[in-house]
Structure formats: structure tokens, C-alpha cells
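Here is what each chain is made of, one letter per residue.
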Amino acid sequence: MKCRVCREPAVIDLRRHNANFCIEHFLRLCRDQVAKAIAEHDMFAPEDRILIAVSGGKDSLALWDILLDMGYQVDGLYIGLGIGEYSEQSVTYVEKFVESRDVNLRIIDLPTEYGYDIPSGSRAAKRTPCSACGLSKRHLFDQAATEGGYDVVVTGHNLDDEAAVLLGNTLRWQSDYLGRQKPVLPAGHGFPRKVKPLVRLGEREMAAYCVLTGIDYIVDECPKAVGNKHLGYKEVLNLLEAQSPGSKHDFYAGFLARAVDRFASAEDETIDDRPALRPCTACGAPCSSEVCAFCRLVERATQDVPVKLGPTAKKEPTSL
Ligand code: AMP
Ligand code: FES
Ligand code: ZN
Ligand code: ZN
């Protein structure tokens, strides 16, 4: 197996590119793909202040490394979700990365700063863990970016993530979600710009990037996500990819090239019907009701949850 570029021994085969690569040329390919995504979607410029949300997983740490390598100034943001051992371990990988480089990291810890963790808070608020987690993260990313004066929030969503979300949205023809599935969400209405520079690279490439550059990351998936629909869609796409390499990329890139604007324009037409945004009376974030969804979640998640004593126990009234 020889590198397509230099004919030296290769370390990885990329069936989508129908080619093998040595370490040097594989790492270059990863950087080139990120540079291409940034340029193609006009994600950010060298003078922009960039905040990357890092989970301790391979994607966000690899992306931080790539952006620093490309010369961008990028600060990190980690949210402690209080998901037991998973959260305890994931923060250590982020801290290890930060120690090895001259970068800034902000940590926001839900249990200590907001009084709830995702497992018990989601139960109290009657939401699934992933929904409470997604809402908390989105709100805190926006808030940290606004408070810190950042131009853009970067996340490590990769091609596998975006193709799986696209499959889920397409199966239900969720046109409003489809219209917002571009890798750039522009700033507006008090929200910062959000971008996904890894949309041209998959999970396998990001794991290989970390192994080859010596970046340690948390390998385990979040225990709360096990068995969710999103992982099922990824499995389906992996089966297709095995039979027909390049399917995932063609599915997602084809959608961006030929379909997303149709859904985005349908989305624009309904914007006028929406209630205007105003500041949340509790935290000041832009929202369509008096109190934003995050503040309502915090309120519910921090209320005492009645303890269930067993089948004969009298049901306690709840204040939810
Ligand atoms: P996930 O939804 O877990 O696949 O994560 C997608 C992206 O969200 C990651 O690549 C990170 O950029 C960001 N992210 C996930 N979890 C966290 C976290 N606990 N703190 C900060 N950013 C996160
Ligand atoms: Fe959010 Fe698992 S990381 S529920
Ligand atoms: Zn080579
Ligand atoms: Zn609020």
C-alpha cells in the first residue's frame, strides 16, 4: 500500500478518495479539507475571534489542532454536563490538550454553576437527556460567545453527524430543519455565527488524525446517547458507505449543492409569521416568549423531584 502523493508506505486507505496516504499526506489532506470547507462556505477570516466548543472527543480536539496549525487564534469552551464518569473523564482530555498548547479554555460546569446535571435535570424537566443536553449546550455556546465578544462559534460536527441528521430530517421531510442544515448559521437576532468546518471529513478520518498526531481523546460515546435514533442512522449510512464508498459525502454535499436553498427559501417565507424575538426576562438571551427555553429548563431541573417509593406509593403532586 503506497501513498498516492509520494509513493512512500501508506498508513491509511480512504476508499472515498480511492487512494492511500502516508502520515504526512493524510494530515495535509485533513487540513486541506478543513480549509476548503472554510473557504467554500465563507465560515470565518483570520482576523475573526473564534470560539471552539470542545467535548474531549476526537472531532473537536482534532479540529482545534487543525485550526491552530492553520494559524487561527482559537479559544476553547467546555461544558461540564454532569454525566457521571463520562463527564469526569472527558474534561481531563480537554485539559491535557490545553496544557500542551498555548490556548485559552473556558469551562462552564452545569452542576456547580446552574445546580443541575443532565441525567437528573432532564428527568425533572421531563425531557430526554439528549434534548436537555442539546438545549443547554446551544444556549451556553451562544451566551459564552456573546459575553466573550467572539465573532463565531465552531463545533466539531463531522460528515457522519451531518449526513445522519440529514437522513433523519429527510425521512420525516422536516422542511424547517432541512432549511437550516447548512454548515454555516449566520449571526442575527442577537445570536452569534455558528460553523461546522469538519463537514468534509468523517469519523474514521478524525480518529486517525488524533492517533497519528498523538491527541488523546475520550473514546466512549456518551452513555445517554446509546441506542438513540441518530446512532441508528449512522449505522445505516455506514452500511451504504461500505457497499458504495462516497455515498455519505454525495448525499450531504449533493443536498448542499442542489436542495438546501429550496428549503431555506421556504423557511424564509414563514419567518414573518413568527413572533418577534425579545430579551428573556431572566437571562437576556433573545427568545420568542417571556422566559427562554433554557431558563425554563433550569427552573424545572433544579426543582425537587418527588422520590418514587414503589408501585404502592402514593403519587406525590408535582409542581411541574
Ligand atoms: P455531539 O453532539 O456530542 O456529537 O457533539 C458535537 C459537537 O458539539 C462537538 O464536536 C463539540 O464541538 C460540541 N460539544 C459537544 N459536547 C460538548 C461539551 N460538553 N462542551 C463543549 N462542546 C461540546
Ligand atoms: Fe448530551 Fe450525551 S452528550 S446527552
Ligand atoms: Zn505521502
Ligand atoms: Zn433565559
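Our subject is the structure listed above.
Structural notes, computed from the coordinates. (Residues numbered from 1 in each chain as written. Chains lettered and ligands numbered in written order. Predicted model: local features only at pLDDT ≥ 70, side-chain atom pairs only at ≥ 80, totals over all residues. Heavy atoms only, no water.)

1. Concerning the site of ligand 1
Operational definition: Neighbouring residues are identified by heavy atoms, a residue being near a molecule or strand if any of them is within 4 Å of it. We define a polar contact as two N or O atoms separated by no more than 3.5 Å, with the added condition that, inside protein, one atom must be a possible hydrogen donor and the other a possible acceptor, whereas residues neighbouring each other in sequence contribute only through side-chain atom pairs. Think of it this way: any DSSP run of H or I at least four residues long counts as a helix, any run of E at least two long counts as a strand, and we number them from the N terminus. Here the nonpolar group is Ala, Val, Leu, Ile, Met, Phe, Trp, Tyr, Cys and Pro; Asp, Glu, Lys and Arg are the charged ones; every other residue, Gly included, is treated as polar.
In the vicinity of ligand 1 lie 13 residues, with A53, V54, S55, I79 and G156 positioned nearest. With respect to ligand 1, the side chain of K137 contributes an N or O atom lying 3.4 Å from a nitrogen atom. Between an oxygen atom of ligand 1 and a main-chain N or O atom of G156, the distance comes to 2.9 Å. Secondary-structure elements contributing two or more residues to the shell around ligand 1 are β4 (74-80) and α6 (129-148). For the shell around ligand 1, the residue count by class is seven nonpolar, five polar and one charged.

2. Quick look at the sheet that holds β4
Worth spelling out the cut-off: At least two DSSP bridges between two strands are required for those strands to pair. What makes two residues a contact is simply this: any of their non-hydrogen atoms within 4.5 Å. Fitted lines through C-alpha atoms give the axes, limited to the stretch in contact for helices. The angle between two N-to-C directions lies from 0 to 180 degrees.
Spatially, six strands are ordered β5-β4-β3-β6-β8-β7 in an open sheet, and the strand pairing comes out mixed. Where the open sheet ends on each side, the last strands, each with one partner, are β5 (105-109) and β7 (184-185). Across the face of the sheet, α6 comes into contact with β3 (50-53), β4, β5, β6 (152-154) and β8 (193-195) while running at roughly 140 degrees to β4.

3. Concerning the coordination of the zinc ion (ligand 4)
Operational definition: Donor atoms: N, O and S within 2.8 Å of the metal, or within 3.2 Å for Na, K and Ca. Because water is excluded, sites can look incomplete. Only two sets of limits are used to name each site, 85 to 135 degrees for every angle of a tetrahedral four-donor site, and over 155 degrees for opposite donors with all other angles from 65 to 115 for a square planar four-donor or octahedral six-donor site, with any other site named irregular. Burial classification: accessible surface area is computed with a 1.4 Å probe over protein chains only, and a residue below 20% of its type maximum counts as buried, one above 50% as exposed, and the rest as partly exposed.
Donor atoms from the polypeptide that coordinate the zinc ion (ligand 4) comprise C280 (SG), C283 (SG), C292 (SG) and C295 (SG), at 2.3 to 2.4 Å from the metal. Bound by four donor atoms, the zinc ion (ligand 4) shows angles of 106 to 114 degrees at the metal and therefore tetrahedral coordination geometry. Sequence spacing of the donor residues for the zinc ion (ligand 4), all on one chain, is C-x2-C-x8-C-x2-C. Note on accessibility: C292 and C295 belong to one class, buried.

4. Section: the coordination of the zinc ion (ligand 3)
Protein-derived ligands of the zinc ion (ligand 3) are C3 (SG), C6 (SG), C22 (SG) and H25 (ND1), with the metal-ligand distances lying across 2.0 to 2.3 Å. One can describe the site at the zinc ion (ligand 3) as tetrahedral: its four donor atoms subtend angles covering 97 to 114 degrees at the metal.

5. So, the packing of helix α1 (residues 23-40) against helix α9 (residues 203-213)
Keep this limit in mind: When describing relative orientation, an angle under 35 degrees is termed roughly parallel and one over 145 degrees roughly antiparallel, while 65 to 115 degrees is termed roughly perpendicular and anything else oblique. Whether a crossing is left-handed or right-handed is set by the direction in which the near helix is turned from the far one by less than a right angle, anticlockwise for left-handed and clockwise for right-handed.
Where α1 meets α9, the axes come as close as 11 Å, and the angle between the chain directions of the two elements is 130 degrees. Taken together, the axes of α1 and α9 are oblique relative to one another. Of the two elements, α1 crosses α9, and the hand of that crossing is left-handed. Between α1, through I23, F26, L27, C30 and R31, and α9, the contact on the second element is made entirely by E205, A208, Y209, L212 and T213.

6. Describing the nonpolar core
This is how it is decided: What is meant by a nonpolar core is a set of buried Ala, Val, Leu, Ile, Met, Phe, Trp, Tyr and Cys residues, joined one to another through side-chain atoms within 4.5 Å.
Counting residues in hydrophobic clusters, the biggest one holds 52 residues, and the most contacted among them are F26, V34, F44, W64, L67, V154 and Y209. Here this core takes seven residues from α1, the largest share from any one element. With 32 residues, the next largest nonpolar core counts A53, L81, A125 and L297 among its residues.

7. What about the side chain of D48?
Along the chain, D48 falls in the loop between α1 and β3. Each residue touching D48, except ones within four places of it in the same chain, is listed here: D151 and R193.

8. Thoughts on the packing of helix α7 (residues 159-171) against helix α11 (residues 247-258)
At their nearest, the axes of α7 and α11 sit 9 Å apart, and the two run at 65 degrees to each other. The angle between α7 and α11 places the two elements in the roughly perpendicular class. Where α7 crosses over α11, the handedness of that crossing is left-handed. Between α7 and α11, the contacting residues are L159, D160, E162, A163, L166, L167 and T170 on the first element and K248, H249, F251, Y252 and F255 on the second. Classifying every residue of the contact of α7 with α11 by side-chain character gives seven nonpolar, two polar and three charged.

9. What about the pattern of salt bridges?
Basically, it comes down to this: Counted as salt bridges are all cases of a side-chain nitrogen of Lys or Arg within 4 Å of a carboxyl oxygen of Asp or Glu.
This structure, assessed with the given rule, holds 16 salt bridges. Ionic pairing is found between E147 and R106, a salt bridge with its closest N-O pair at 3.2 Å. Linking E147 in helix α6 with R106 in strand β5, this pair joins segments that are 41 residues apart in sequence. Linked by salt bridges that have partners in common, D161, E203 and K234 make up one network.

10. Overview of the packing of aromatic side chains
Counted only if it meets this: In summary, the pairing rule links any two rings of Phe, Tyr or Trp, Trp by its six-membered ring, whose centres are within 6.5 Å, and it sorts them by plane angle into stacked for under 30 degrees, edge-to-face for over 60 and tilted for everything else. Two thresholds decide whether a charge sits over a ring: the Lys NZ or Arg CZ must be within 6 Å of the ring centre and within 35 degrees of the ring normal.
Per the stated rule, a full pass over the model turns up four aromatic pairs. Judged by centre distance (5.0 Å) and plane angle (90 degrees), the ring pair of F44 and Y72 falls under edge-to-face. Of this pair, F44 sits in the loop between α1 and β3 while Y72 sits in the loop between α2 (58-69) and β4; the two residues are 28 residues apart in sequence, bridging distant segments of the chain. Between Y114 and F294, the ring centres sit 5.4 Å apart and the planes meet at 80 degrees, which makes this aromatic pair edge-to-face. Here Y114, found in helix α4 (residues 110-114), pairs with F294, found in helix α13 (residues 293-301); they are 180 residues apart in sequence, far enough to count as distant. According to the relative accessible area criterion, Y114 is partly exposed, its value standing at 22%. The ring of Y150 has R49 sitting right over it, with the charged end atom 4.3 Å from the ring centre.

11. Some remarks on the environment of Q73
Position of Q73 relative to the elements: it lies in the loop between α2 and β4. On the accessibility criterion, Q73 (64% relative accessible area) is exposed. Taking C-alpha positions, Q73 is 7.7 Å from P46, a pair spaced 27 residues apart along the chain.

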